[in-house]
Each structure stands twice: as C-alpha cells, then as structure tokens.
Amino acid sequence: MIGHIGLFALICAAMISTFGAVGGCICTARVSQSSWMAGLVRIVRLSSFFALFFSVLSMMILAYGFAIDDFSLSYVSQNSNSQLPLPFKLAATWGGHQGSMLFWVVTLSLWSVCLSKAHAETGYRFHATWIMLSFIAIFAWFTLFASNPFEFNPTLLMEGRDLNPMLQDIGLIIHPPLLYIGYVGCASVLALAVGALLENKSTSTWLNDAKTYTLNAWIFLSVGIAVGSWWAYYELGWGGWWFWDPVENASLLPWLTATALMHTLLASRVRSQLLIWSYSLAFVTFCLSILGTFIVRSGVLTSVHAFAVDPSKGFTLLGILSFVFILSFLILIKRIDSIQSRTLRGVLNKNFLLLACANLFTLATIIVVFGTFYPMVYELAGLGNISVGAPYFNLLIAPLAIMALFVVGFSALLKWDSATPYRLRSTCVGLAVITFGLAGGILRYYVYHNEPVGAEWSMWALFSCWGALWVVATHGYVLYRSRATARVKRLAYVSVAHIGLAVVAFGAAMNSEYSYEITRKLGPTSQVEFGDYQLHYVDTQLYVAPSFSAERAVIEIRRLDDKKSPLEQVWLAYPEKRHYPIRVMNMTEPSMTAFWDGDIYISLGEKIDSRHYAVRIQFKAFIRWIWLGALLMVTGVAGVLLSQRGKDNIRISCENRHSIITGGQGAKQSGSRYI
C-alpha cells in the first residue's frame, strides 16, 4: 500500500513540474500582458513548492518502507535486511540507483523553491524557476520510467538481500547526499545564467545570485568529496585517499569548473569582465554533474562506485546532458551581442590572474576528462583495452597544482586595476627567497630524519612545499598590511580558503613521496620494528555483531628512542576482518593511529594459519593534513558566503527603501514584464 502512495506522489511531482515548465515556456514566448498571464506566472512559482512537497513525500514513504522492512518493494529487498541497523536502513534509501535518482528529484525541487522564493519579482529569476521545473520534470519522468524505486517484487519475500557491506558506514549517510546537493546546486547556477540571457537585456544583478548559489553548491560538493575520500581511506582498507577512479573523477570535474566559476564571477561582478567565461562555466559545471551521473549509472566504465550496469539508462542521461549543453550555448551565442564585457588591460592586476586561475582549472578539467574517457572511446573503437591510471593523472595534474599555488599567492599581492612594479618586485623577491629557503630546510630535516625508511630528496615535494609556504606568506603579508582597514575580515576569509588549498597540496605531495609500508606474518607474541615505532601483536579477539562476525587483532604501538629501545607511551590498534553471512562477503576494517606527520595504518590480510595473519603496515605521511586543508577551504568559503549575505541584505533593504521613496518607479523599470 505504501508503495502505491509513494508512486502516486512521484507521479504528482512529475506532472506538476511538467505543467510549471510548460507554463513558464508560454510566459516566455508571450510578450503581451494579460490577467490570465499574470495568474499563470503565479501558478508557475507555486509549482515549485508543490513539486517539493510531493517529491519529499515520495522520499519519506520510501524511507518508511525501509524502516518497516517492506520487502514487497524490489528496491527495499535488494538493499536492506531486517537485521540492518535503522540508520543504515534509512541511508539505503539513497544508497542504490533508484533511490539516488529520487533524491536528485528532491534536491532539484529544493533548489527550485530557493530560486522562486527570493526576489521573485525579477525576470531572470522567473526564467530560472521554470528552467529548474523543467529539470525536475525530466528527472522525475526518467525515475518513473527507467529507475522506479516503487516497483513490486513478483513474489513476497520474507527477507532482504542486505545493503552492500562497504556502504554500511556513517560515510554513506553523509557522503552521497552532500554530493547530490552540490551537483544540483550547479543546476540552479545554470538556470540563473540562462534566465539572464532570456531576459534579453544587459543586467549584472544575476551575478550576485549566481555567486551565492555557486558558493553554496561548491561548499556541499567540497564537503562531499572530502567525506568520500575519508570514507575510502578508512573503510576500503587500501590506505589511499584518492585513486583516480572514474567516479571519483566524475565528482572532481564539476568541482574544478565550479572553482573556476567562483573566481570568474568575482571579476564579472566587480569589473564586468570575464562575463563570457562566467556564462560558459555555469553551463559546463552542471553538464559535468550530469556526466558524473552518467558514469555511475551507465556501466560503460568500471568502478567500485558504480550503481547500475544498464547502458540504456546511462545513455538516456547522456542525451539529457547533450540537450542541455547544446541548447544553453545556442542561447548564449544568440544573446552574445548584448553581453557587455570589458576587456582586460595589462597583466599586473587581479583580473588577469583570475583568468589565469580559470585557465589552469579548465586545463585540469580537460586532462581529467581525457584520462577518464579515453579508455572507453579506445574500446568502443575496437582497438582493444587500455588502462589510464594514477601515473598519468599525477604527472599532469601535479605541475598545474604547483602553478596554481604560485598564481594564487601572487594574486593576493595585486590590486584590481594595477600594481606598482618596483614595490611589487621587491616584495615578491623577498617573500620568494624566504619561503624557498624555509621549504628547503623543512624538506631537508624531514628527509634526514626518515632516511632509515628510504626517504629521498624530491623536487615535487620541494616545489609543493615552496608553493604552500608562498601562499601562506603572501596572504599573511596582505592581512598584516590591511589589518586596520574595513575589508580585513573578508580578506581573512579568502586567505583561510587559499591557505587551505596550500595545505591540501602540501599534504598530498608529502603523502605521495614519503609514505612507506611493510607486510609481515604476525600472530600473538609477534613483534616488528616499523620506522620509529615497534609493533607488538598482543592477541586476536572474536566477536559477533547483528549483521556480521569479526576477528579483531590487538596491536600495541610503541615509539622507539634514539637507542632503538621502546618508550613508555603505548597506542593500541584494532584492525579487523569481518564476515557478512547474508552477502557472503569479507571486509577489512583497518586501524589508524594518528601522529602529527602521518598515520600508522594497519590492515589484516589473509589468514596464514590458525594464529597468524599477513599484516600490512603502512605509514601514510601527512595524510590528515589533506582533510585539514579541505576544512580550511570550506570554512573560508563559508565565511565569504556569510559576509556576502550580509551585504546582500543591506543592498536589498536599500533597494526596497528607494522603491518606497520613488513610488515604486525604479522597481517597475527594472522588473519583469510578467509582473
């Protein structure tokens, strides 16, 4: 019964969003004003709220089906079990293919309501609202016909298949929803850009809204990627945080273009420059979000993250992507003469370096797209199978990352229009020499201290460390010079975000160059020296959980002093081997012991005999610095967003006050023809 109600709610969401999208098209096509047209405009805006209500209702009913173990629904029986803890049952609602598509519809409806609610009197927002309704309709009908989560089993099952053990983790509850919200937030930016073009008048107001929505989407996308990398690190037992897997690349692609878009929007808002870049990146970013959905659901690329292996579903999404991409750029080409974008003057200004950053991120996007899809195209052409792995990506992305660090640091020293060459030259030379010497000293100390475990001098690590210190030094210098000005708070937020990028780059480079590992046969009473530490295998414990059984090793970790004798301080590690009887799967749960310069990462391999395991011991250098940097980046961007929101509230209040004083004439002149 609940399945029928959920299906009915999804059908209502699809029909209402379709009606709203058609109504929006009619309003856009009609130039003449009439009373019924004004009524249709109000109905279009209300459609967003009703679409949100019915899509959320459908999602809640599906979650309720998981909570009560309604195995009459095929989706529930394939992804749940009566013994599964309730939080994982609820997370399984979006943990599979069908549920994730329904979650897309919900998040699209949520962003659509945000667009239709704020400043609804402006014409480009009305266009953006019905464009979002079009997206809701497309994905709602796609979910109904190709990925229906309310399909019934032909026979009533008494038990479910259980959720994939890899997904039975807190990461599943957090990671996918954050990514979906970030993906769909990019749709609202595209809708605003197309709405501004359809308004057919030169306006820069949409740039303020586009920046706000881009920052919001970027925050969700960044946190989702960071949580996903942490999830892969501690759950899969490989000890890595990024594998250049096709689906990981799919989430990285819109992040790269969204980062570029944030910076071009800044130049577009402040100096009316790089407007074409802003429009283009707004279109490309959401199209790359759909591309990621295509990768996950088409089965054309092999990935541990893949939900479905039905090419027909994936290629339907590819058709949607192509339609959105082509139509958006056709509208841009048609309206390009009305876009008044100022040209850049000179290279010693912030605008030029914003363009340089956009080019670097765009080039990185092209590299990732090529490396991800080249094997697929190669195979479809009948040329055989080929693999593009981490060496390709690391070789090409690492130089771009280092260049981006120096560009970001240099941009902090420049003004919007120009800079004083001589003063700038002396400042840059001084900071560059100091940071290079400091980077060399840090790396020399670390290599010398870790020579017994094979640490060697690395140019990649040196330049990454130099670039990171350069960003910290330049932003610290600018903050110090601006400490008494009114803009110091906003500069502080931007500096935190850029320093976060530097910390991520430093952590990634050091982790890549200075991690090491050993594999040993260990059992009770065994011990092994590992770098500056001694590991003592104490015991093996057995325990049974509701959905799995486990063997857990107890390992003591002691630091060695200069004489190679263990110190008194002891850390305990508990790596596990789990067996899930319903799925008949074995999983490795590693242990992670954190230190300031890295983690000791221990995972149990195959059981050699009744007492001994093949134990893999890794030192993951500076691994947590990566997530610290990600946290700093998100914190900085969130601070910029909050400060921008305060400015927008003041601006809106002033505009409303001005409208009251002038009798609303200004609003009539700048408003939409539909009001």
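Since the structure is predicted, the reported quantities are computational estimates derived from the model, not experimental observations. For every chain, the first residue of the written sequence is number 1, and numbering continues from 1 along that sequence. For this predicted model, a pLDDT threshold of at least 70 governs which residues receive local features, and a threshold of 80 or more governs which side-chain atom pairs are given and counted, while totals over whole chains, interfaces and linings are taken from all residues. Side-chain numbers come from the whole structure's heavy atoms, not from hydrogens or water.

(A) Layout of the environment of Tyr-279. Counting from the N terminus, the helices are the DSSP runs of H or I reaching at least four residues and the strands are the DSSP runs of E reaching at least two. Inspection of the secondary structure puts Tyr-279 in helix 10 (residues 275–298). C-alpha of Tyr-279 to C-alpha of Leu-332: the two residues are 53 residues apart in sequence and 7.7 Å apart in space. We call two residues contacting when some pair of their heavy atoms lies within 4.5 Å. What Tyr-279 contacts, discounting residues up to four positions off in sequence, is Ala-193, Ala-196, Leu-197, Trp-206, Leu-332 and Ile-339.

(B) Main features of the pattern of salt bridges. Definition used for salt bridges: Asp or Glu carboxyl oxygen within 4 Å of a side-chain nitrogen of Lys or Arg. Taken as a whole and judged by the stated rule, the model has nine salt bridges. Between Glu-556 and Arg-558 there is a salt bridge, and its shortest N-O distance comes to 3.5 Å. Between buried and exposed lies partly exposed: a residue is buried under 20% and exposed over 50% of the maximum accessible area for its type, with that area taken using a 1.4 Å probe on protein chains only. The partly exposed category is assigned to Arg-558, whose relative accessible area is 24%. As a salt-bridge pair, Arg-624 and Asp-599 come within 2.8 Å of each other at their nearest N and O atoms. Remark: Asp-599 occurs in strand 9 (residues 598–607) and Arg-624 occurs in helix 17 (residues 623–661); sequence separation between them is 25 residues.

(C) Main features of the pairing of strand 9. Within strand 9, seven of the ten residues are buried, leaving the element largely enclosed by the surrounding structure. Pairing between strand 8 (residues 591–595) and strand 9: five bridges, direction antiparallel. For Phe-595, the partnering residue across the bridge sits in strand 9 and is Gly-598. Two strands are said to pair when DSSP picks up at least two bridges between them. The loop that links strand 9 with its antiparallel partner strand 10 (residues 613–621) comprises five residues.

(D) Looking closely at the pairing of strand 2 (residues 527–530). Side chains of strand 2 alternate between two faces, with Val-528 and Phe-530 buried and Gln-527 and Glu-529 left unburied. Pairing of strand 2 with strand 3 (residues 533–544) involves four bridges; the strand directions are antiparallel. From the neighbouring strand, Phe-530 faces strand 3, where its bridge partner is Tyr-533. Linking strand 2 back to strand 3 in an antiparallel pair, the connection comprises two residues, with Gly-531 at a positive phi of about 65°.

(E) Structural view of a positive patch on the surface. A patch is a set of surface residues, each over 30% in relative accessible area and not in a salt bridge, joined within 9 Å for like charges and within 5 Å for the nonpolar side chains Val, Leu, Ile, Met, Phe, Trp and Tyr. The protein chains shown are the only cover counted for residues, whose accessible areas, like all others here, come from Shrake-Rupley with a 1.4 Å probe. Here the positive residues are Lys and Arg and the negative ones are Asp and Glu; neither His nor the chain ends is included. For this purpose, a charge sits on NZ of Lys, CZ of Arg, CG of Asp or CD of Glu. A cluster of like positive charges, contributed by Lys-415, Arg-423, Arg-481, Arg-483 and Arg-487, occupies part of the molecular surface. Checked against the element boundaries, Lys-415 lands in the loop between helix 13 (390–412) and helix 14 (421–449). Relative accessible area serves as the criterion here: at 59%, Lys-415 is assigned to the exposed category.

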